[in-house]
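Below are the chains, spelled out letter by letter.
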Amino acid sequence: RTGGQRIKLRVAAAMHVFADMGKIKGITADKMSEILHHQQNGPILSRIASGELPLQALNYEYNALFSQEDYRILRLASIKALEQAGQVIGVITSSVATMAGYDGKSRVHVPTEGSVIKDGYGVRDQAEETLSLLVPNHKIQLHDASDLRGVATFAMIQTNSPKED
């Protein structure tokens, strides 16, 4: 499973928790879960989180009958899951940079998880905000490219680079 798919599965699980809490109906959680598990719906969380896929369009596109409150809960869960994805990218990048001895002086380009950071609503901004909190005044530039192997590559290059005295 891809990173984006895992995020959708987390939101689907959250919908079942909300159903258990009585915030939404069980059948509603089942339908939301079915939509989120569908492999072909691409960046649906971003479309919901950003408001690009409003309630009426969601109901029409997926033959659903969600209420305004159902949609509000789904949208908030989508926003939070995408924020967490950005935080994870920021934490991993800052942790690797710190452990690799990054001094904060040189400009570094780090390839990152392309689809999630590129298409995830607010993910890039959250990743950069988290990175800035953990490594103030850094010169690390995140780029859409591969996956977390990019961070590992950065660590190997940084660790093997000659140190200036």
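Attention in this report is confined to the structure presented alongside it.

Conventions we followed
Residue positions within a chain follow its written sequence, with the count starting from 1. Given that this is a predicted model, residues contribute local features only at a pLDDT of at least 70 and side-chain atom pairs are listed and counted only at 80 or more, while totals for whole chains, interfaces and linings are drawn from all residues. Only heavy atoms go into the side-chain values, all of them from the structure, while hydrogens and water stay out. To qualify as a helix, a DSSP run of H or I must reach at least 4 residues; to qualify as a strand, a run of E must reach at least 2; elements of each kind are numbered from the N terminus. The buried label applies to any residue whose accessible area, calculated with a 1.4 Å probe on protein chains only, is under 20% of its type's maximum; exposed applies above 50%, and partly exposed to all values in between. Note on contacts: a residue pair qualifies if any of its non-hydrogen atoms lie within 4.5 Å across the two residues. Each reported salt bridge corresponds to a side-chain nitrogen of Lys or Arg within 4 Å of a carboxyl oxygen of Asp or Glu. For two strands to be treated as a pair, DSSP must find at least two bridges joining them. By this rule the span expected of a helix is its residue count minus one, scaled by 1.5 Å. Note that the arc is computed from the directions linking the helix axis to the C-beta atoms. Here, the term nonpolar core denotes a set of buried Ala, Val, Leu, Ile, Met, Phe, Trp, Tyr and Cys residues that are joined through side-chain atoms within 4.5 Å.

With that out of the way, let us pick up the overall build of the chain. A tally of helices and strands in the chain yields 8 helices and 2 strands. The order of helices and strands in the chain, counted from the N terminus, is α-α-α-α-α-β-α-α-β-α. The buried share of the chain, taken over its 165 residues, is 41%. At a minimum sequence separation of 6, the contacts of the chain that also span at least 24 residues come to 74%.

By the definition in use, this model includes 7 salt bridges. With a shortest N-O distance of 3.6 Å, Lys 118 and Asp 119 are connected by a salt bridge. Residues joined by salt bridges that share partners form a network here, namely Arg 47, Glu 52 and Glu 61.

Covered by surrounding structure in strand 1 (residues 108-112) are Val 108, Val 110 and Thr 112 only, the residues His 109 and Pro 111 on the alternate face being uncovered. Here strand 1 runs beside strand 2 (residues 140-144); their pairing, made up of 5 bridges, is parallel. Within strand 2, the residue paired with His 109 across the bridge is Gln 141.

Moving on: the side chain of Gln 126. Within the fold, Gln 126 resides in helix 7 (residues 123-134). Among residues more than four places away in sequence, those in contact with Gln 126 are Glu 83, Gly 86 and Gln 87.

What follows covers helix 7. For helix 7, which comprises 12 residues, the first-to-last C-alpha distance of 17 Å matches the rise-based estimate of 16 Å (1.5 Å per residue) to within 8%. What helix 7 keeps buried is the set Val 123, Gln 126, Ala 127, Thr 130 and Leu 131. The arc that holds the buried residues of helix 7, viewed along the axis, is 130°, so those residues lie on one side. Summarising the geometry of helix 7, the exposed residues directed more than 90 degrees from the buried face are Asp 125 and Leu 133.

Residue pairs spaced three or four apart in an α-helix point in one direction, given the helix's 3.6 residues per turn. An ideal rise of 1.5 Å per residue puts 46 Å on 32 residues; helix 5 (residues 68-99) measures up with 46 Å between its terminal C-alpha atoms. At the C-terminal side of helix 5, Gly 101 shows a positive phi close to 85°.

This brings us to the nonpolar core. Within the largest apolar cluster, 40 residues are counted, with the highest numbers of intra-cluster contacts made by Val 11, Met 15, Ile 44, Leu 58, Leu 74 and Ile 140. By residue number, the principal contributor to this core is helix 5, which donates 9 residues. Excluding its chain neighbours within four sequence positions, the residues that come into contact with Ile 44 are Lys 8, Ile 35, Leu 36, Leu 53, Leu 58 and Tyr 62.

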